[in-house]
Amino acid sequence: MNLLIDLGNTALKWATSDDPESPHTIVHGGSHHFFEKLRNALKEKPFAHVYGCYVTSRDLTLSVTRLIESFGIKVTWLKAQDCFNGPFSLVNSYKTPVQLGSDRWHAAIGAISFLPSQPLLVVHVGTATTVDCVFPKDGKMIFAGGRIAPGVVLMRDSLVTGTATLPKADGDYEDFPTDTMTAIVTGIVDSQLGLIERGMRVMQSHGFEPTLVLAGGAASRFAPYLKKEFPKSIVKHNLVLRGLALRAESEMLA
Ligand SMILES: Nc1ncnc2c1ncn2[C@@H]1O[C@H](COP(=O)(O)OP(=O)(O)O)[C@@H](O)[C@H]1O
Ligand SMILES: CC(C)(COP(=O)(O)O)[C@@H](O)C(=O)NCCC(=O)O
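Treat the numbers as computed from the prediction; the structure is a model and nothing was measured. (Residues numbered from 1 in each chain as written. Chains lettered and ligands numbered in written order. Predicted model: local features only at pLDDT ≥ 70, side-chain atom pairs only at ≥ 80, totals over all residues. Heavy atoms only, no water.)

Colleague: Can you lay out the sheet that holds strand β6 (residues 83-85) for me, pointing to particular residues and giving the numbers?
Modeller: Sheet strands associate in pairs through backbone hydrogen bonding, adopting either a parallel or an antiparallel arrangement. Strand order across the open sheet formed by seven strands is β6-β7-β10-β9-β8-β11-β12, with mixed pairing between neighbours. Looking along the sheet, the strands with just one partner apiece sit at the ends: β6 and β12 (234-235). Sheet topology places strand β9 (residues 128-137) next to strand β10 (residues 140-150); 10 bridges connect them, and they run antiparallel. If you follow Val-134 over to β10, its bridge partner there is Phe-143. Docked against the sheet, helix α3 (residues 102-114) engages β6, β7 (89-92), β8 (120-125), β9 and β10, running at close to 130° with respect to β10. (Pairing = 2+ DSSP bridges. Helix = DSSP H or I, 4+ residues; strand = E, 2+ residues; numbered from the N terminus. Contact = heavy atoms within 4.5 Å. Axes fitted to C-alpha atoms, helices over the stretch in contact; angles between N-to-C directions.)

Okay, here's the thing in structure tokens:
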């Protein structure tokens, strides 16, 4: 059995290859203090191989690699490809394909495996928020491109560090905010929704009516706002791990 790892800028997500639908999250926040939890996960089963993707620092990734290898387990970090050839083909339109975040690439593969042969807007609300456009063309799927913006927490924290008086905001969305906390929370939610809405409009202007798939650590908190604007949107928490599972299968067959 293999272990799948998605090492993001805030959290490490992992699942076993026989059950990629049951992800576990270990928040690291950029520090090395989560190693005990990872060690416990590695002790759970005799893993043959770890397939992962990372977008966090090289330093942290190297430490994670060493920890896994100390169990005698081989680690393969998978990058974005020019083209994924598995149960379907996905073509990467990035000018330099490997520059695309490997989490975004594998999230797209995961999303297509759930919702095959149709246009998708893949939204990941994590440390950053990414809004990626995918559509079918000539029997293949195309990763056409996407948008990157600061995520909810980064937006909130940048107001605290970049202004003299604004507080670390917490609270609920309101149509007409009448206090600072609510004004910030509402502004940030609207910024994120606006970004997603723009991605949707652009897809529509190119003749697509995409299904919106939402993932990422902030997905549950964000979904109610999104459902109001896009009632048909779907929340899937494990897109990256699902994509890694498919990729690992196709690598093993290669
Ligand atoms: N319990 C939690 N711990 C950490 N982040 C959380 C938690 N609940 C929600 N979040 C949100 O999820 C984001 C991290 O999501 P995740 O998809 O794991 O990010 P990344 O892939 O960038 O590591 C945080 O920035 C925060 O907005
Ligand atoms: C955009 C990201 C920072 C998102 O990372 P995350 O929020 O999942 O930690 C990551 O996918 C990344 O570093 N991408 C490389 C640049 C790109 O995709 O164009």
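Colleague: Requested: an account of the pattern of salt bridges, with residues and values cited.
Modeller: Scanning all chains against the criterion turns up five salt bridges. A salt bridge links Glu-21 to Arg-242, with the nearest nitrogen and oxygen atoms 3.0 Å apart. Here Glu-21, found in the loop between β2 (11-16) and β3 (24-27), pairs with Arg-242, found in helix α7 (residues 239-253); they are 221 residues apart in sequence, far enough to count as distant. Looking at Glu-21, the relative accessible area reads 38%, which means it is partly exposed. In this structure, Arg-104 engages Asp-132 in a salt bridge whose closest nitrogen and oxygen atoms are separated by 2.5 Å. Remark: Asp-132 occurs in strand β9 and Arg-104 occurs in helix α3; sequence separation between them is 28 residues. Judged by its relative accessible area of 2%, Asp-132 falls in the buried class. (Salt bridge = Lys/Arg side-chain N within 4 Å of Asp/Glu carboxyl O. Buried < 20%, exposed > 50% of the residue type's maximum accessible area, 1.4 Å probe, protein only.)

Colleague: Can you tell me about the site of ligand 1, naming the residues and giving the values?
Modeller: Neighbouring residues of ligand 1: 13 residues in total, closest Thr-10, Ala-11, Lys-13, Thr-127 and Gly-217. The backbone of Thr-10 places a nitrogen or oxygen atom 2.8 Å from an oxygen atom of ligand 1. Separating an oxygen atom of ligand 1 from a side-chain N or O atom of Lys-13 is a distance of 2.8 Å. Taking 570 Å² as the accessible area of ligand 1 by itself, protein coverage stands at 70%. Because more than half of its atoms lie within 2 Å of the grid, ligand 1 is assigned to the largest pocket. The residue makeup of the shell around ligand 1, split by class, is four nonpolar, eight polar and one charged. Shared between two domains, the shell around ligand 1 takes at least three residues from each, and those domains are domain 1 (2-77) and domain 2 (83-243). (Near = heavy atom within 4 Å. Polar contact = N/O pair within 3.5 Å; in protein donor to acceptor, adjacent residues only side chain to side chain. Areas by Shrake-Rupley, 256 points an atom, 1.4 Å probe, with all protein chains shown as cover. 1 Å grid on protein atoms, 1.4 Å probe; cavity = no way out; pocket = protein on both sides within 12 Å on 5 of 7 lines; lining within 4 Å. Sits in = over half its atoms within 2 Å of the grid points. Nonpolar A, V, L, I, M, F, W, Y, C, P; charged D, E, K, R; others polar. Domains from an automatic or database assignment.)

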